[in-house]
Amino acid sequence: MNSTIRKPKVLLLDLENCAGSQMAEACLSYLAGDLFEAFSAGIEVHELSPAAVLVMDEVEIDISCHYCKNFEEFSTFHFKFVITLCDLVRGRCPIFRFAENFQHWNFPNTPIARGPLQAGLEEIRGFRSLIEHRVWKFDSEKSLSSSDQAIVEQ
């Protein structure tokens, strides 16, 4: 008998999906990938921030192969959680018909280092720390209840 466990899906949304939500997706996958399946998307789509790749590499999480996605790619997915990261997105959050829970993490708008790579790295490192802390909190709050609700298919 072959059984698989479907982990609850989590969608992390920010405005551009080029830094903050990418880092949040990677942190959630790294810290709680055994319990959740993480995705990220943006209301708008831009290129992945090289600064975000660099600051995540500093904590040994590789996002260099990530690409920026528009929320419309996920309109038919069933999500346990849809999480908006900043007020810019909260006010423009699309409707996800198949989402069970909505959360807002109320981060400042994601800093995006455009221009020289070194410009803004400290700000993005600080943002990474905020994300790591919030993902740890989310994992500890949700892991017990979500592990009870994992779906086993046979």
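To be clear, the structure that these remarks concern was listed above.
Residues numbered from 1 in each chain as written. Predicted model: local features only at pLDDT ≥ 70, side-chain atom pairs only at ≥ 80, totals over all residues. Heavy atoms only, no water.

Colleague: Describe in detail the environment of Phe-96, supporting the description with residues and values.
Modeller: Counting through the fold element by element, Phe-96 comes out in the loop between α3 (87-90) and β5 (99-107). Note on Phe-96: relative accessible area 4%, which makes it buried. Along the sequence, Phe-96 and Glu-72 sit 24 residues apart, while their C-alpha atoms lie 9.5 Å from each other. Setting aside residues up to four positions removed in sequence, Phe-96 forms contacts with Leu-11, Leu-13, Phe-71, Phe-74, Ser-75, Val-82 and Phe-102. (Helix = DSSP H or I, 4+ residues; strand = E, 2+ residues; numbered from the N terminus. Buried < 20%, exposed > 50% of the residue type's maximum accessible area, 1.4 Å probe, protein only. Contact = heavy atoms within 4.5 Å.)

Colleague: Requested: an account of helix α2 (residues 50-57), with residues and values cited.
Modeller: Among the residues of α2, those classed as buried are Ala-51, Ala-52, Val-55 and Met-56. Seen from one end, α2 has its buried residues packed into an arc of 130°, which puts them on one side. (Arc of directions from axis to C-beta.)

Colleague: Account for the sheet that holds β5, with residues named and values stated.
Modeller: Through backbone hydrogen bonds, the strands of a sheet pair up, either in parallel or in antiparallel fashion. If you walk across this open sheet you meet the 4 strands as β3-β2-β4-β5, and the pairing is parallel. The sheet is open, and its two edges are formed by β3 (37-42) and β5, each paired on a single side. Each adjacent strand pair in this sheet contributes to an overall mean axis angle of 20°, direction not counted. Pairing geometry for strand β4 (residues 79-86) and β5, over 6 bridges, is parallel. Its bridge partner being in β5, Ile-83 is matched across the sheet by Gln-103. (Pairing = 2+ DSSP bridges. Axes fitted to C-alpha atoms, helices over the stretch in contact; angles between N-to-C directions.)

Colleague: I'd like a rundown of the packing of aromatic side chains, residues and numbers included.
Modeller: On inspection of all chains with the given rule, the structure shows 12 aromatic pairs. Ring centres of Phe-39 and Phe-79 lie 5.9 Å apart, and the angle between their planes is 80°; on these two criteria the pair is classed as edge-to-face. Taken as a pair, Phe-39 in strand β3 and Phe-79 in strand β4 lie far apart in primary sequence, 40 residues in all. There is no split in this pair, since Phe-39 and Phe-79 are both buried. Between Phe-74 and Phe-77, the aromatic rings sit 5.1 Å apart at their centres with planes inclined by 85°, giving edge-to-face as the arrangement. On the basis of relative accessibility, which here comes to 5%, the residue Phe-74 falls in the buried class. Directly above the ring of Tyr-67 sits Lys-69, whose terminal nitrogen or CZ lies 4.9 Å from the centroid. (Phe/Tyr/Trp six-rings, centres within 6.5 Å; stacked < 30°, edge-to-face > 60°. Lys NZ or Arg CZ within 6 Å of the ring centre and 35° of its normal.)

Colleague: Lay out the pairing of strand β2 (residues 9-14) with the relevant residues and their values.
Modeller: Within β2, 5 of the 6 residues are buried, which leaves the element mostly enclosed by the surrounding structure. Direction of pairing for β2 relative to β3: parallel, over a ladder of 6 bridges. Bridge pairing links Leu-12 to Ser-40 in β3. Examined bridge by bridge, β2 and β4 share 4 bridges and lie parallel to one another. Considered in β4, the bridge of Leu-12 is made with Ile-83.

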